[in-house]
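Analysis of the macromolecular model
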Amino acid sequence: MNEKFYTEGEPIRDTKAPEGPIEDRWEKRKFAAKLVNPANKRKLHVIVVGTGLAGGSAAATLGELGYNVTSFCYQDSPRRAHSIAAQGGINAAKNYRGDGDSIYRLFYDTVKGGDFRARESNVYRLAQVSVNIIDQAVAQGVPFAREYGGLLDTRSFGGAQVSRTFYARGQTGQQLLLGAYQALERQIAAGTVKMHTRHEMLELIVSDGRARGVIVRDMVTGEIERHTADAVVLATGGYGNVFFLSTNAKGCNTTAIWRAHRRGAMFANPCYTQIHPTCIPVSGDYQSKLTLMSESLRNDGRVWVPVKAGDSRPAAEIPEDERDYYLERIYPAFGNLVPRDIASRAAKNVCDEGRGVGPGGLGVYLDFADAIRRLGRDAVEKKYGNLFEMYERITGEDPYTQPMRIYPAVHYTMGGLWVDYDLQSTIPGLFVVGEANFSDHGANRLGASALMQGLADGYFVLPTTIGDYLANGPYGEVDEEAVAEAETAVRTKIEKLLSVNGTRTADSYHRELGRLMWDYCGMERTEESLRKALERIPELREEFWQNVKVSGQAEELNQALERAGRVADFFDLAELMCVDALHRTESCGGHFRAESQDADGEALRDDENFAYVAAWEYGEQGPILHKEALDYEYVKMSQRSYK
Amino acid sequence: MGMNLTLKVWRQNGSEDKGRMVTYRVEDVSPDMSFLEMLDVLNERLILEGDDPVAFDHDCREGICGMCGMVINGVAHGEQVATTTCQLHMRHFEDNAVITIEPWRAAPFPVVKDLVVDRSAFDRIIQAGGFISVPAGSAPDAHSVPVKKVDADAAFDAATCIGCGACVAACPNGSASLFTAAKITHLSLLPQGQPERASRAKAMVEQMDAEGFGGCTNTGECTAVCPKGIPLDTIAQMNRDYLKASK
Amino acid sequence: MAVTGAVLVLFLVGHMVGNLKAFIGADSFNEYASFLRTMGAPILTYRVALTIVEVVLGVCIVLHMWSAVSLARRAGKARPVKYAAKRKSQANGYAVHTMRYGGVIILLFVIYHLLDLTFGTVNPAGWDGTPYERLVASFAPERWWVTLFYVVAVIMVGLHLRHGLWSAFQTLGLASGRSYRPLKAAAAAISAVLVLGFLTVPVAVMIGVIK
Ligand SMILES: Cc1cc2nc3c(=O)[nH]c(=O)nc-3n(C[C@H](O)[C@H](O)[C@H](O)COP(=O)(O)OP(=O)(O)OC[C@H]3O[C@@H](n4cnc5c(N)ncnc54)[C@H](O)[C@@H]3O)c2cc1C
Ligand code: HEM
Ligand code: HEM
Ligand code: SF4
Ligand code: F3S
Ligand code: FES
């Protein structure tokens, strides 16, 4: 049915995960990994692109181990990577509460939360390593919340039945990132890491089949630079900005991983997108990004919309019996606390029925009136004061007197470059960590797991597994032709963008692409909508290349050029996302195909046909699908139910 | 019905350029726009006119990355308290207002272009000692050292600094004391930070001076504009640690 | 800065107390002045102790000024390009912004003051008069402008200390968040006492209470 859009290649048979009991696999892998003689480490050069939790911790650790590291980020300081924005917390199987948590339980919850589309071996390792992350962070001085007894506080998060989420007020990502950043700066001072800020990776250098370096643009001078190394690590974060509006930072992009994909790295599960239910709704066309509000709000706030479509009365004038508390109505057991994807979709449904509130009818109420009545204003203020303040700052409305409006927004991308158990992509020498890879969350990410994964990859997993690859190095001179070819590709693209001289800005194309993706490949996808998108995206891309306007020169700080370059890659990625979403005719986790739902409108998996990772190879004639089968030896596959 | 505004914006084409104020009109600005979204609108227009858009730093647009920052009508991040530029909304301005927009002004923060400045001096202050030395994998169990809740909370308050540089921009002396003190205080209050406490304070203060920041005369402008409300007593803490270390 | 400032503050307190002796009468005041000179006797000879004090004061003033000037120069270097918009103060407190020019006024005042009351060079009673005579002569009603100058200067000193006292604690790391309120209140109180204490004497002379 979809032959037109892709072809199928060989399945992936080996992910390099060791065999044997699941709890011994990581031990086994560590022991089998070759060690690098300390004297040789200096001679081995590793490039790390990205300084978020994954890249920052990786570069710092590799530097500490004695490797010769070069690190890049597009911001003016490594401390500003988007990980800084994470609010809620980080999971770890410490069982400090004695409430029955264990490595096995975290493993179990994560596999289940990922709707059985994640690898058991990887997830188990993640749960094992989670314990060390907290130790490491505390030793670095990360000021996690504490109890009066002086011990660490935890909370339960995202429907988990145990309290395993460590947090630092609403700024967990910030504090963890600053820990990694400080470790990184320490290595920079020690001379083991060379940092290049305001440098954007625009191409990967592949020589003799190995990843050997990157082409970057100095964003201040516009100079195109070549950097070569024995191995390259990409830690460039997620691509949620393909939707234009998302909770991601403005600069988040797909360029680094997309370029690597173009050069041979497979891209896995691109369609898995996490939508977060509690964001502040869009207020107008000029809107440049969406702001997330902590999910904890759903603990006390009640979600509702008017019963009647098109009811434009202010909330206060709508009597109780004309309000529809739809989550409580449809999901009496979990009520307002249903998982992210379910809450998001339910909001979309009521808005589609014309019952949405606020500008454009794209919003639902999150009402604290009951909570204020029950707990008192002071208690509510104590618990949620800073979130209310943030809401008021952005919307100009007072949530104490008038219900908040919320709407779902794109938040996280579970897809990314395909990596094996060693975090190595299909290009030897190219490693991918953090949100940029696809590895550990399956079709849906459990809250508070991305921080865990980024740090597990960067502090503990990659530094071990990359050693195994580097032990066979140094890999000698890099083929000059390969470098020159990559550089030319970059220069050609920049010249092209500057020379079109059309009539629309890159941002306006990005907005249109984002809208299209949201409408056709967003919270709910259908065969029809995806086909429409696949028709429209190439047209829009064509138009972009004919009609985009980028002012200024290449050899200067040029933000218009930066944006245009990123948008160009988003077009290509968007197309692959739609192909992936179209081919996966089941619903699972963050991928909901309207055709595949049960009688109650819940996501219906098709384990028979889709219990695999979809790894896409780039092909001039369209993408080539490689399937990596997923086996569940430990956690029995089951259908989720939140009724 | 949007607002109409006159913007006087500092334009400087690279660090060598002398720079000048340029006046722009922006029309039909929605009061719900953020300050940066208002500049986006101006920039879209400038690009279509073939002009250089006004360069400014930003990333998260939710007040946490510390990338954005400009001096608006003489106040770093504008007059709203505890607010970054990206979180400042146009509803706080009057219709037909004239708004002056300038970059952070400090010698250790050279202008890169327009409103973009180079804040790498902050990174070098951290490099001098703003960390606890602990290689990955060598940490003891997190519960082996309890920390009093008050200390943990106070450390957190100091640790929320986003490194935006508004303190420097606002300080009449161009001092980086609040930024430096925030980090010193964060780490000094925790037991984990004790072994390196003295050397850290000394090295960071000396690096701050070497970068060319001015000295602190306790004017308190920094904490008043700080989007995270880093308190002034962090500076006392820094001075205390520094004097102790210099003895 | 803070240390030298603190020494100067201590001097000022002593100085004010001494000045107030003028109310008790000429003898008391003169006695005080001569006490200053015979302090430490018989161990120390005439004026030695006073000279030591003067030297310490002199060194402090020089160091204090030197730090003030170097701080100002560093500040100037740290901000070579000024803001076009008038920088609006977000912190409250007027006193903070008078430190530099206030300091200069104080310095000018001290020079005049020394010529006036210590050396008598510009004093109508001249070097020959007793300190008390010089005092009364200086603030004679017809020389109201001298008194005015003193008043302005003393107010400047008050403002200087209003900020300076608290600031010194902060600089020495002796302050903390909890002590800010009491410290600032104390700074305000001490400055007020000093201002009042210093002003009563010249004003009293001018209106003839002391003659
Ligand atoms: C608002 C928000 C809240 C969140 N809350 C939570 C939470 O509570 N718990 C949780 O577990 N997860 C949370 N997440 C998810 C989590 O924060 C991210 O998935 C994670 O931080 C990603 O880390 P990273 O290191 O992979 O990438 P990032 O932190 O995104 O870092 C990417 C790095 O790559 C660099 N880079 C990117 N492209 C290029 C290029 N082309 N050239 C050079 N450099 C480049 C950037 O400069 C940056 O340094 C949240 C996410 C958001 C958006
Ligand atoms: C006898 C008179 C003076 C006294 C008692 C005095 C006292 C003080 C004190 C206590 C401080 C605060 C120190 C600190 O914050 O660390 C201070 C600061 C200052 N003084 Fe003075 N001072 C006097 C004279 C002067 C003079 C003559 C000048 C200038 C020429 C001056 C300039 C300054 C300046 C600029 C500061 C601010 C620097 C700072 O706060 O560190 N002062 N002074
Ligand atoms: C306004 C009221 C003041 C009066 C009536 C007053 C009076 C005097 C007198 C009479 C002397 C001479 C003492 C002697 O030589 O025997 C003196 C000395 C001096 N005064 Fe004042 N004074 C006043 C304020 C100040 C202030 C505000 C300052 C400093 C800021 C100051 C600083 C000095 C100094 C430095 C000396 C020299 C001390 C010395 O020689 O040891 N005075 N004052
Ligand atoms: S102390 Fe405040 S103003 Fe200064 S850099 Fe930190 S957050 Fe910004
Ligand atoms: S404004 Fe400047 S003078 Fe000190 S108190 Fe803040 S650094
Ligand atoms: S853009 Fe991140 S703080 Fe403003």
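Going by the structure above, here's the rest.
The following refers to the structure shown.

Calculation criteria
- Residues numbered from 1 in each chain as written.
- Chains lettered and ligands numbered in written order.
- Predicted model: local features only at pLDDT ≥ 70, side-chain atom pairs only at ≥ 80, totals over all residues.
- Heavy atoms only, no water.
- Helix = DSSP H or I, 4+ residues; strand = E, 2+ residues; numbered from the N terminus.
- Buried < 20%, exposed > 50% of the residue type's maximum accessible area, 1.4 Å probe, protein only.
- Contact = heavy atoms within 4.5 Å.
- Lys, Arg positive; Asp, Glu negative; His and termini not counted.
- Charge placed at Lys NZ, Arg CZ, Asp CG, Glu CD.
- Pairing = 2+ DSSP bridges.
- Buried area = accessible area lost by both parts, 1.4 Å probe.
- Salt bridge = Lys/Arg side-chain N within 4 Å of Asp/Glu carboxyl O.
- Polar contact = N/O pair within 3.5 Å; in protein donor to acceptor, adjacent residues only side chain to side chain.
- Near = heavy atom within 4 Å.
- Nonpolar A, V, L, I, M, F, W, Y, C, P; charged D, E, K, R; others polar.
- Phe/Tyr/Trp six-rings, centres within 6.5 Å; stacked < 30°, edge-to-face > 60°.
- Donors = N, O, S within 2.8 Å, 3.2 Å for Na, K, Ca; no water.
- Tetrahedral: all angles 85-135°; square planar, octahedral: opposite > 155°, others 65-115°.
- Patch = residues over 30% accessible without salt bridge, like charges linked within 9 Å, V, L, I, M, F, W, Y side chains within 5 Å.
- Areas by Shrake-Rupley, 256 points an atom, 1.4 Å probe, with all protein chains shown as cover.

Observations regarding the overall build of chain B
In terms of helices and strands, chain B carries eight helices and seven strands. The buried share of chain B, reckoned over its 247 residues, is 64%. Summarising the internal contacts of chain B: among those between residues at least 6 apart in sequence, 68% fall at separations of at least 24. For chain B, the separation between the mean place of its 22 positive charges and that of its 32 negative charges on side chains is 7 Å.

Concerning the pairing of strand S2 (residues 45-49) of chain A
Residues and elements named next belong to chain A. For S2, the buried fraction is high: four of the five residues fall into the buried class. Bridge count for S2 against strand S3 (residues 68-72) is five bridges, and the pairing is parallel. If you follow Val49 over to S3, its bridge partner there is Phe72. Relative to strand S11 (residues 231-234), S2 runs parallel, the two sharing four bridges. Bridging across to S11, Val49 finds its partner in Leu234.

Concerning the interface of chain B and chain A
Each side of the interface is counted separately: chain B has 75 residues, and chain A has 76 residues. Both sides of the chain B and chain A interface together cover about 6200 Å² of buried area, and 53% of this is carbon and sulfur. When the buried area of chain B at its contact with chain A is split by residue, B:Asp59, B:His143 and B:Phe156 rank highest and sum to 11% of it. Our count for the chain B to chain A interface comes out at six salt bridges. B:Arg119 is paired through a salt bridge with A:Asp76; the nearest N and O atoms lie 3.0 Å apart. Connecting chain B to chain A are 48 residue pairs in polar contact (both at pLDDT 80 or more).

Observations regarding the pattern of salt bridges
Residue and element names in this part refer to chain A. The final tally for this structure, using the stated rule, is 83 salt bridges over all chains. Among the ionic pairs, Arg259 bridges to Glu203, the shortest N-O distance being 3.7 Å. Placement of Arg259 in helix H7 (residues 255-262) and of Glu203 in strand S8 (residues 199-207) is noted, with a sequence separation of 56 residues between them. Arg259 sits in the buried class, given a relative accessible area of 11%. Here Asp569 and Lys493 are joined by a salt bridge, their closest N and O atoms 3.2 Å apart. Within this pair, whereas Asp569 is found in helix H16 (residues 559-583), its partner Lys493 is found in helix H13 (residues 480-500), the two being separated by 76 residues in sequence. Accessibility expressed as a relative area gives 1% for Asp569, which makes it buried. Salt bridges sharing common partners tie together Asp115, Arg117, Arg584, Glu586, Arg605 and Asp607.

So, the site of ligand 4
Lining the immediate environment of ligand 4, one finds B:Phe122, B:Cys161, B:Ile162, B:Gly163, B:Cys164, B:Gly165, B:Ala166, B:Cys167, B:Leu178, B:Cys226, B:Pro227 and B:Ile230. Residue classes in the shell around ligand 4 are distributed as ten nonpolar, two polar and no charged.

Some remarks on the sheet that holds strand S1 (residues 7-8) of chain A
All names here are of chain A. A sheet is described by the order of its strands in space; here five strands give the open sequence S1-S23-S22-S12-S18, paired in mixed fashion. Two strands in the sheet have a free side with no partner beyond their single neighbour: S1 and strand S18 (416-417). Here two bridges tie strand S12 (residues 267-268) to strand S22 (residues 612-617), and the two strands are oriented antiparallel to one another. Residue Phe267 lies in a different strand from S22, and its bridge partner there is Trp616.

A closer look at the packing of aromatic side chains
Residues and elements named next belong to chain A. Going through the model one piece at a time under the given rule, you end up with 36 aromatic pairs over all chains. Summarising the aromatic geometry, the rings of Trp304 and Tyr325 are spaced 6.2 Å apart at their centres and angled 50° between planes, so their arrangement reads as tilted. In this pair, Trp304 is assigned in strand S14 (residues 302-306) and Tyr325 in the loop between strand S15 (323-324) and helix H8 (326-330), connecting sequence segments 21 residues apart. Residue Trp304 is classed as buried on the basis of its relative accessible area of 0%. In this structure Tyr325 comes out as buried when scored by relative accessible area, which is 12%.

Section: the coordination of the iron atom of ligand 2
Residue and element names in this part refer to chain C. At 2.0 Å from the iron atom of ligand 2 lie its protein donor atoms, namely His64 (NE2) and His160 (NE2). Each of the six donor atoms bound to the iron atom of ligand 2 contributes to angles spanning 83 to 179°, and the resulting shape is octahedral. Remark: His160 occurs in helix H6 (residues 144-171) and His64 occurs in helix H3 (residues 48-78); sequence separation between them is 96 residues. Classification of His64 as buried rests on a relative accessible area of 16%. The buried category is assigned to His160, whose relative accessible area is 16%.

Quick notes on the pairing of strand S17 (residues 404-413) of chain A
Residues and elements named next belong to chain A. Among the ten residues of S17, ten are classified as buried, and the element is accordingly described as predominantly covered. Note: strand S16 (residues 364-367) against S17, three bridges, orientation antiparallel. By the bridge assignment, Tyr365 is partnered in S17 with Arg405.

As for the arrangement of the chains
Ranking the two pairs of chains in contact by number of contacts places chains A and B first. Regarding chain A and chain C, which are not in contact, the minimum distance between any of their C-alpha atoms is 20 Å.

Digging into the site of ligand 5
The environment of ligand 5 is formed by B:Cys171, B:Asn173, B:Ser175, B:Cys216, B:Thr217, B:Asn218, B:Thr219, B:Gly220, B:Glu221, B:Cys222, B:Leu232 and B:Ile235. Split by residue class, the shell around ligand 5 holds five nonpolar, six polar and one charged.

Describing the coordination of the iron atom of ligand 3
For a metal with four tetrahedral donors the ideal donor-metal-donor angle is 109.5 degrees, while six octahedral donors give ideal angles of 90 or 180 degrees. Residue and element names in this part refer to chain C. Taken together, His15 (NE2) and His113 (NE2) make up the protein donors of the iron atom of ligand 3, found 1.8 to 2.1 Å from the metal. Angles of 85 to 178° at the metal separate the six donor atoms of the iron atom of ligand 3, which places the site in the octahedral class. Of the two residues, His15 sits in helix H1 (residues 2-24) while His113 sits in helix H4 (residues 99-118), which places them 98 residues apart along the sequence. Here the two residues His15 and His113 agree in accessibility, since each one is buried.

Topic: the sheet that holds S16(A)
Residues and elements named next belong to chain A. The five strands are arranged S13-S17-S16-S14-S15 in an open sheet whose pairing can be described as antiparallel. Taken across any chain shown, the strands that pair with only one partner, and hence form the sheet edges, are strand S13 (273-279) and S15. Pairing between S13 and S17: five bridges, direction antiparallel. Note on S17: the bridge partner recorded for Ile275 is Val410.

Quick word on a nonpolar patch on the surface
Residues and elements named next belong to chain C. A surface patch of nonpolar side chains, amounting to about 710 Å² of accessible area, comprises Met65, Val104, Leu107, Leu108, Ile111, Leu114, Leu115, Phe119 and Val122. The leading source of residues in the nonpolar patch is H4, at six residues. Here Val122 is to be found in the loop between H4 and helix H5 (131-138). Judged by relative accessible area, which is 33%, Val122 ranks as partly exposed.

Function cannot be read off these values alone, since they describe shape.
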